[in-house]
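Letter by letter, the chains look like this.
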Amino acid sequence: MKKSILLLLLLLVSAPSFAHFMWVETSPVGKVSQKQEIKVFFGEYTYGVIEKVNEEAFGKMKNFTVWVVSPTGEKQKVQMQPGETFYTGYFDPKVNGTYTVVLDNDAIDVIDYTQYDFGIFKTHYHSVAKVEVGNKPSETAAINPNGLTIVDLTKKEHKEKGEAILKILYKGQPVKDQEVTVFISDLWSKKVYTDEKGEVKFSLPWKTKYILEVTRKEEVPGKYNGKDYQFIWHCATYAIPLGQ
């Protein structure tokens, strides 16, 4: 038992790209012409582990990009500034509708976890957040043709005791029987699975922050920055901040 706990702590501290994930947060409701704040985190949310921006673990993740996709499909790159435990950026909604905030990070050095029997791999993080402006909800945009993404199909604002409906795509195609882990704080998690259409439904029983994680192993070897890898580890996340 002590050995298992020690191994878990070791993974959380020394294996950030495996046990940790990146996620993006923003207020789920915005207003036209009112500045909307975006935050990017790296850590292990349910364990209360939030890495500091200027330390090594988060430093290895710094080459990410953040975009906002407007209701008309227009993409706008967001400039992110480092803070203490997260990066911050802003955008101004111009029209009513659903805005999709997208983080993508496919520029992470190869990691060797053969000592954990996991192999040598390259990581691809992707994260999505949803902003409703003017009470005209629609599904979020999907713009990750090279990996995983989470699409929010829910046609109304997320609320306590409501239901979320999501779709999981891998390289643009729905994924059947995909495991989706739903996290909240204080070590609570739940696993749900997609149906034949790649969709999953789950309840939101509490007014708190929910973070979803989806992972997939792409068994294609390659080379990145001069280092060989055996496979790509895809990780997509989606935050539903009911506790804000």
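The structure presented is a predicted model; accordingly, all values stated were derived computationally and were not measured.

This paragraph deals with the environment of His 126. Along the chain, the position of His 126 falls in strand S11 (residues 119-133). Judged by relative accessible area, which is 2%, His 126 ranks as buried. Distance from His 126 to Lys 52, taken between C-alpha atoms, is 20 Å for residues 74 residues apart in sequence. Those residues in contact with His 126 that sit more than four places away from it in its chain are Val 102, Leu 103, Asp 104, Ile 143, Asn 144, Leu 148, Thr 149, Cys 235, Ala 236 and Thr 237. Engagement of the side chain of His 126 in a polar contact is seen with the side chain of Asp 104, the distance being 2.8 Å.

In terms of burial, strand S15 (residues 179-184) is a largely internal element, 5 of the 6 residues being buried. Sheet topology places S15 next to strand S16 (residues 188-193); 6 bridges connect them, and they run antiparallel. Looking across to S16, one finds that Phe 183 is bridged to Ser 189. Between S15 and S16, which pair antiparallel in sequence order, lie 3 residues; one of them, Asp 186, sits at a positive phi of approximately 65°. Note that S15 and strand S18 (residues 209-218) share 3 bridges and pair antiparallel. Looking across to S18, one finds that Thr 181 is bridged to Glu 213.

Inspection of every chain in the model, using the stated rule, returns 1 cavity of 30 Å³ or more. Considered as a void within the structure, the largest cavity measures approximately 160 Å³ in volume. In this structure, the largest cavity is lined by 15 residues; those nearest its centre are Pro 28, Lys 130, His 158, Tyr 238 and Pro 241. At the level of secondary structure, the elements contributing two or more residues to the lining of the largest cavity comprise strand S1 (21-26), S11 and strand S21 (231-241). If one sorts the elements of the lining of the largest cavity by residue count, S21 sits on top with 4 residues. Within the lining of the largest cavity, the residues separate by chemical class into 9 nonpolar, 2 polar and 4 charged.

Cut-offs and rules
Residues numbered from 1 in each chain as written. Predicted model: local features only at pLDDT ≥ 70, side-chain atom pairs only at ≥ 80, totals over all residues. Heavy atoms only, no water. Helix = DSSP H or I, 4+ residues; strand = E, 2+ residues; numbered from the N terminus. Buried < 20%, exposed > 50% of the residue type's maximum accessible area, 1.4 Å probe, protein only. Contact = heavy atoms within 4.5 Å. Polar contact = N/O pair within 3.5 Å; in protein donor to acceptor, adjacent residues only side chain to side chain. Pairing = 2+ DSSP bridges. 1 Å grid on protein atoms, 1.4 Å probe; cavity = no way out; pocket = protein on both sides within 12 Å on 5 of 7 lines; lining within 4 Å. Points joined across faces, edges and corners; volume = space filled by probe spheres on them. Nonpolar A, V, L, I, M, F, W, Y, C, P; charged D, E, K, R; others polar.

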